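Chains, contacts and geometry: an overview
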Amino acid sequence: MINKLFRLEENQTNIKTEILAGITTFLTMVYIVVVNPAILSGAGVPFGQVFMATIIAAVTGTLIMSFAANYPIAIAPGMGLNAYFVTEVVQQDVSYSVIFGSVFVAGILFVILSLTSLRKTLIMAIPPSLKYGITSGIGLFIAFLGLRMSGIIVESDTTLVTLGDMTSPGVLLTVFGLMVTLGLIARNVTGGLFIGMFITGLVGFFTGQLEWNGFIDTPPAPVFWDMDIGAVFSNGLYTVIFAFLLVTIFDTTGTMIGVAEQAGFIRKDGSLPRARAALMADASATTVGAVFGTSPSSAYIESSSGVAAGGRTGLTTMVVAGLFLLSMFFAPVVGAVSGLPAITAPVLIIVGCFMMEGLAKVNWGSFDDAFPAFIIILTMPLTSSIATGIAFGFITYPILKLVVGKGKNVHWMLYMFAIIFILQMAFFPGH
């Protein structure tokens, strides 16, 4: 039955290989169960709510990917947008339930786009330099967050930020965890991020920085519909919705294509079979995640580790979903670990590095391509706003193209976005 359901023979794989691939993928991405609650707690979201919402979103998206698309690509709340979620709660001076409403609206729009050709049009309209700039800017954004969370970087009255106390126990543990995890990643150890967190946690326990009561417990009760959609529109959070939508689209599409190419799913004409079903997986996970209380979901590049281990079908992702379900019984350990920044900060710093890869593909020899990417990368971490970075990039790109006589090469949607962002920054700078 399993052979027929997932077409194992057709994909030249077997049950044992798929199970091992699923375990491999899970180990490389399970850090999100710890890191996501640690980050969203900065917006005041209760640990139990984020913990369960993270698992529910991951299981929902991953199972859709498993049964509807039959791909070994796992889904979970994405890095970067969880940090952006927190900064928007602070900057907009609204409750987290309002930003959850923004995520929900973005998720609904995401579903609609995934059912039409608009998603493909939007992706094709936005040039590579802006896409790579957005991804890289988010990378710096979350790496900077990791440095701040751990105390390696602290506030300064004269220089805004400065080096923290490198002799404090928390900073020393962070540096230790970072060095250990870097070594594991450099050696291509499967699950390096998770193993690094585990080793750092052990050291934290023996040095008295980490305490927990028990290992296994009944899962926390999930929280349903803790969001205020009406306040999203009364506060004019349209840019926030657009940022959530745009980044999730780019992140998921790029990851999906990359993993699909690695697995050999891309056809000779460049198309991806069952693409609509695959794209619906992350759109659905984002919407469901918002309903229960977490930031937008995305396809995980860590899925490539499972593909490298031989995973070729949805059986791999079914195993991943099952392991995520199992992890909900370990809330006491996850809660303790997520409360110690020294364990989670190294993950943010290293994942930030991973996200800088696209910079190599920016045409730095062409100033009208390079500067919009640069201004995005510069403004995202300095303003703590992904939306602001996107706005600067979308405004400068068409202007520079017009100046150098390449205006006809710019898609009309970019001119529309540029005008919208200019009006937004001029008349609604706080949103």
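Computed from a prediction, not measured in an experiment: that's the story for all the values here. (Residues numbered from 1 in each chain as written. Predicted model: local features only at pLDDT ≥ 70, side-chain atom pairs only at ≥ 80, totals over all residues. Heavy atoms only, no water.)

Focus: the pairing of strand E2 (residues 153-156)
- Sheet topology places E2 next to strand E3 (residues 160-163); four bridges connect them, and they run antiparallel. Considered in E3, the bridge of Ile153 is made with Leu163.
- The antiparallel hairpin formed by E2 and E3 contains three residues in its connecting segment. (Pairing = 2+ DSSP bridges. Helix = DSSP H or I, 4+ residues; strand = E, 2+ residues; numbered from the N terminus.)

Overview of the pattern of salt bridges
- By the definition in use, this model includes four salt bridges.
- Arg7 is paired through a salt bridge with Glu10; the nearest N and O atoms lie 3.5 Å apart.
- Its relative accessible area of 30% is what places Arg7 among the partly exposed residues.
- When its relative accessible area of 61% is taken as the criterion, Glu10 is described as exposed.
- Of the charged contacts, one joins Asp368 and Lys406 as a salt bridge, the two residues approaching to 3.4 Å between their closest N and O atoms. In this pair, Asp368 sits in helix H18 (residues 367-383) while Lys406 sits in the loop between helix H19 (386-403) and helix H20 (412-427), placing the two residues 38 residues apart along the sequence.
- Through salt bridges with shared partners, a single ionic network connects Asp368, Asp369, Lys401 and Lys406. (Salt bridge = Lys/Arg side-chain N within 4 Å of Asp/Glu carboxyl O. Buried < 20%, exposed > 50% of the residue type's maximum accessible area, 1.4 Å probe, protein only.)

Some words on the packing of aromatic side chains
- Taken as a whole and assessed by the stated rule, the structure comprises 20 aromatic pairs.
- Between Phe26 and Phe324 the ring centres are 5.2 Å apart and the planes differ by 85 degrees, which places this aromatic pair in the edge-to-face class. A residue pair is termed long-range when its members are at least 10 positions apart, and Phe26 in helix H2 (residues 15-29) and Phe324 in helix H15 (residues 314-327) qualify at 298 residues. Taken individually, Phe26 and Phe324 each receive the classification buried, so the pair is uniform in this respect.
- Feature note: the residues Phe104, Phe224, Trp225 and Phe292 constitute an aromatic cluster, connected by ring pairs. (Phe/Tyr/Trp six-rings, centres within 6.5 Å; stacked < 30°, edge-to-face > 60°.)

Side note on a nonpolar patch on the surface
- Taken together, the side chains of Ile2, Ile15, Ile19, Leu20, Ile23, Leu27 and Phe194 present a nonpolar region at the surface, about 510 Å² in accessible area.
- Along the chain, the position of Ile19 falls in helix H2. (Patch = residues over 30% accessible without salt bridge, like charges linked within 9 Å, V, L, I, M, F, W, Y side chains within 5 Å. Areas by Shrake-Rupley, 256 points an atom, 1.4 Å probe, with all protein chains shown as cover.)

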